Amino acid sequence: MPNHQLLDNINHKYLHVINEYRPGLGDEDSHANIVISEFREAQAHYPLFFRKHGETGQFEVISIFGFGKNENLYLTENGWGANYIPLSVQRRPFLIGFQNVQKDGVLQQEPVVFVDMDSPKVVPQGSSDQGTRVFLEMGGQTEYLQNINSILQTLHTGHQQTKAFIDFLVEQDLIESVVIKVTLNDNSNNELNSLYTVNEEKVAGLTGDNLNALHAKGYLQLIHMMQASFANLSELIEKKNATL
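Criteria and thresholds
Residues numbered from 1 in each chain as written. Predicted model: local features only at pLDDT ≥ 70, side-chain atom pairs only at ≥ 80, totals over all residues. Heavy atoms only, no water. Helix = DSSP H or I, 4+ residues; strand = E, 2+ residues; numbered from the N terminus. Buried < 20%, exposed > 50% of the residue type's maximum accessible area, 1.4 Å probe, protein only. Contact = heavy atoms within 4.5 Å. Areas by Shrake-Rupley, 256 points an atom, 1.4 Å probe, with all protein chains shown as cover. Lys, Arg positive; Asp, Glu negative; His and termini not counted. Charge placed at Lys NZ, Arg CZ, Asp CG, Glu CD. 1 Å grid on protein atoms, 1.4 Å probe; cavity = no way out; pocket = protein on both sides within 12 Å on 5 of 7 lines; lining within 4 Å. Points joined across faces, edges and corners; volume = space filled by probe spheres on them. Axes fitted to C-alpha atoms, helices over the stretch in contact; angles between N-to-C directions. Parallel < 35°, antiparallel > 145°, perpendicular 65-115°, else oblique. Nonpolar A, V, L, I, M, F, W, Y, C, P; charged D, E, K, R; others polar. Phe/Tyr/Trp six-rings, centres within 6.5 Å; stacked < 30°, edge-to-face > 60°. Pairing = 2+ DSSP bridges. Expected span 1.5 Å × (residues − 1).

Moving on, we come to the overall build of the protein. In terms of helices and strands, the protein carries 7 helices and 12 strands. When the backbone C-alpha atoms are referred to their principal axes, the protein occupies close to 60 × 55 × 30 Å. Sorting the 244 residues of the protein into buried and exposed places 44% on the buried side. Considering only contacts in the protein between residues 6 or more positions apart, those separated by 24 or more positions represent 68%. Just so you have it, the protein exposes about 13,400 Å², and 45% of that area is on carbon and sulfur atoms. If the 17 positive side-chain charges of the protein are averaged to one point and the 29 negative ones to another, these points end up 1 Å apart.

Take a look at the structure:
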């Protein structure tokens, strides 16, 4: 189970994190969430699809890394095998949480940074010769933590922007389910299911205000990026075949 603690420079003064990507550090997931601000970079390396969140049932955008539950075909002993790593992977073991604060007599929620102390990326206490330091000796933030804060802020804003994008597509009934079936070199069959994509025919049939809104919001370009990302399925299949 995760052990999420509110990050501070007193309790975590000597916190070190392994800022690398290799097996055994918790990056084996077969997918990662993507926000629309990173579509351009992500679509060049990974297939992008929608899926429904297991608890909320709401659509989200994910990048696909493998066919099995814990199969990341981009992760090797030599590091991450792509030039772009999704922000939701880069931010580990940190995450955004919220705490209640009083401002001008009004109770509000403010985003704060948590760290998962049970993450394999967290260096055990007393092993300070490993990993990257999070806080400076006098309590200030290291450049590493400043970068993490920037990533978390981008994700926080990006989640809201991505939700607006998805809400528009749902409103226009433009999302449809899809199943990807693949036969590998050993004649085994693999499937990517519970995925969704944009219905191209319905997009092509949009007219008037709906089509203008799609252009004006920049959503048509995002749709094209998702469609272009499907070409990365070939590379994913090649990576899978290489493991057989």
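Our next topic: empty space enclosed by the protein. Which parts of space are left empty comes out when a probe the size of a water molecule is rolled across the atoms. This structure, assessed with the given rule, holds 1 cavity of 30 Å³ or more. Size it by volume and the largest cavity reaches roughly 30 Å³. In this structure, the largest cavity is lined by Ile18, Asn19, Glu20, Tyr21, Val89, Gln90, Arg92 and Lys121.

Once that is clear, we can look at unusual backbone geometry. In this structure, proline 93 follows arginine 92 across a cis peptide bond, with omega equal to 10°. Residues other than glycine seldom take positive phi values, yet aspartate 173 does so here, at roughly 55°. Residue position: aspartate 173 is located in the loop between α3 (143-171) and β11 (175-183). For aspartate 173, a relative accessible area of 45% puts it in the partly exposed group. Backbone geometry at asparagine 187 places phi at a positive 70°, although glycine is not the residue there. Within the secondary structure, asparagine 187 sits in the loop between β11 and β12 (189-198).

Remark: α3 packs on helix α6 (residues 219-229), axes separated minimally by 11 Å, with the N-to-C direction vectors making an angle of 90°. It follows that α3 is roughly perpendicular to α6 by the angle criterion. Across from Ala164, Phe165, Phe168 and Leu169 in α3, the residues of α6 making contact are Tyr219, Leu222, Ile223 and Met226. Among the residues making up the contact of α3 with α6, the classes are represented as 8 nonpolar, no polar and no charged.

Our focus in this paragraph is the packing of aromatic side chains. Centre-to-centre distance and the angle between the planes together describe a pair of aromatic rings. Taken as a whole and assessed by the stated rule, the structure comprises 13 aromatic pairs. Ring pairing ties together the aromatic residues Phe39, Phe50, Phe59, Phe165, Phe168, Tyr196 and Tyr219, which thus form one cluster.

So, about the sheet that holds strand β8 (residues 94-103). On the basis of which strands lie adjacent, the open sheet formed by 3 strands has the order β1-β9-β8 and antiparallel pairing. A strand with exactly one partner marks an edge of an open sheet, and here the two such strands are β1 (4-6) and β8. Each strand axis lies, on average, 40° off the axis of its neighbour in the sheet, ignoring direction. Looking at chain direction, β8 and strand β9 (residues 106-116) are connected through 10 bridges and run antiparallel. Paired with lysine 103 across the strands is valine 106, a residue of β9. Relative to the sheet, α3 contacts β8 and β9, its axis offset from that of β8 by approximately 75°.

On to the environment of serine 37, then. Take serine 37: it is sitting in the loop between β3 (31-33) and α1 (39-42). Sequence separation between serine 37 and valine 179 is 142 residues; the distance between their C-alpha atoms is 26 Å.

With that out of the way, let us pick up the environment of isoleucine 175. Locating isoleucine 175 in the fold gives a position in strand β11. Judged by its relative accessible area of 14%, isoleucine 175 falls in the buried class. Remark: the alpha-carbon pair of isoleucine 175 and phenylalanine 94, spanning 81 residues in sequence, is separated by 32 Å. Among residues more than four places away in sequence, those in contact with isoleucine 175 are Phe50, Phe59, Ile166, Leu169, Val170, Tyr196 and Thr197.

Another aspect to go through is α3. Spanning 29 residues, α3 covers 42 Å between terminal C-alpha atoms, matching the ideal 42 Å at 1.5 Å per step. Aspartate 173 occupies a position one or two residues after α3 and carries a positive phi of about 55°.

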